[in-house]
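# Examination of the molecular architecture
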Amino acid sequence: MPKARRLREVGFEANEKEVLSSADAAASFLRRALPPKSPVLVVGEDALTSALSRAGFRLVQEASETTAVVAALDRDVTWGKLTEATLAIRGGAMFVATNLDPTFPSERGLLPGAGALISLLETATGCHPILIGKPEPLLYLEALEILQAPP
């Protein structure tokens, strides 16, 4: 779903350029932390893979090629993807998460959110991610940089 559409659906006037997603913030953070075209393994959905691709990262699926693992909500996650992410993190790849929301609201009720998935990776690796999204300061600092505004 386009970033601003959900805001418009609930009554806020917004366009895409006025919305900073945690996927955008994660891509920007990694752009500062890693060399261009670094290999990144994604446990996440299209918005995250698109943001990382636009930022110039090479998306990979194998742990042996990975410099960083970026994890988010992934409603199509597979055991294979979790295995590769676990091996990459255990092998020294940077571990980044977009948010730790334990649940995700749906018409059927609360479903497992990004935080539930990231907890699995934390448990399997013994590593805690660098958290980019809400409520961490990195998201807000990124917004301030885009706005060229002081904190």
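Whatever comes next refers back to the structure up there.
Every chain's residues receive numbers from 1 upward, in the order its sequence appears when written. With the structure being a predicted model, the display of local features is reserved for residues of pLDDT at least 70 and the display and counting of side-chain atom pairs for 80 or more, all residues being used for whole-chain, interface and lining totals. Note: side-chain values were computed over all heavy atoms of the structure, leaving out hydrogens and water.

### Here we look at the sheet that holds strand E1 (residues 39-43)
By definition, two strands form a pair when at least two bridges between them are found by DSSP. Put simply, DSSP marks the helices as runs of H or I at least four residues long and the strands as runs of E at least two long, and each gets a number from the N terminus on. With parallel pairing, the five strands of this open sheet are ordered in space as E2-E1-E3-E4-E7. Edge strands, defined here as strands with exactly one partner in the open sheet, are strand E2 (58-60) and strand E7 (130-131). Direction of pairing for E1 relative to E2: parallel, over a ladder of three bridges. By the bridge assignment for E2, Pro39 is matched with Arg58. Residues count as neighbours in contact if any of their non-hydrogen atoms are within 4.5 Å of one another. Angles here are taken between N-to-C directions and fall from 0 to 180 degrees, while the axes themselves are lines fitted to C-alpha atoms, restricted in helices to the stretch in contact. Against the sheet, helix H2 (residues 22-33) touches strand E3 (68-71), strand E4 (94-97) and E7, its axis set at about 155° to E4.

### Some details on helix H4 (residues 79-90)
For a helix, the expected span equals 1.5 Å multiplied by the number of residues minus one. Its twelve residues give H4 an end-to-end C-alpha distance of 16 Å, which sits within 8% of 16 Å, the value for a rise of 1.5 Å per residue. Those residues of H4 that are buried are in contact with E1, E3, E4 and helix H5 (114-125). Looking one or two residues past H4, Gly92 carries a phi angle of roughly 110°, positive in sign.

### A word on the nonpolar core
Only buried residues count toward a nonpolar core. Its members are Ala, Val, Leu, Ile, Met, Phe, Trp, Tyr and Cys residues joined through side-chain atoms within 4.5 Å. Three exposure classes are used, based on accessible area relative to the maximum for each residue type with a 1.4 Å probe and protein chains only: buried under 20%, partly exposed in between, and exposed over 50%. Residues Leu30, Val40, Leu48, Leu52, Phe57, Val70 and Val96 are the most contacted members of the largest nonpolar core, which totals 20 residues. Looking at this core, the elements with two or more residues in it are H2, E1, helix H3 (46-54) and E3. The element best represented in this core is H2, accounting for six residues. If sequence neighbours within four positions are ignored, Val40 has contacts with Leu52, Phe57, Arg58, Leu59, Val60, Ala68 and Val70. Formed by 19 residues, the second largest nonpolar core is a distinct cluster that contains Val60, Ala63, Val69 and Ala93.

### So, the packing of H2 against helix H6 (residues 137-147)
At a closest axis distance of 10 Å, the pairing of H2 and H6 adopts a crossing angle of 80°. If you check the angle between H2 and H6, you find them roughly perpendicular. Each of Ser22, Ala25, Ser28, Phe29 and Arg32 in H2 lies in contact with H6, whose residues at this interface are Leu138, Leu139, Glu142 and Glu145. Reported orientations rely on four angle classes, namely roughly parallel under 35 degrees, roughly antiparallel over 145, roughly perpendicular from 65 to 115, and oblique for the rest.

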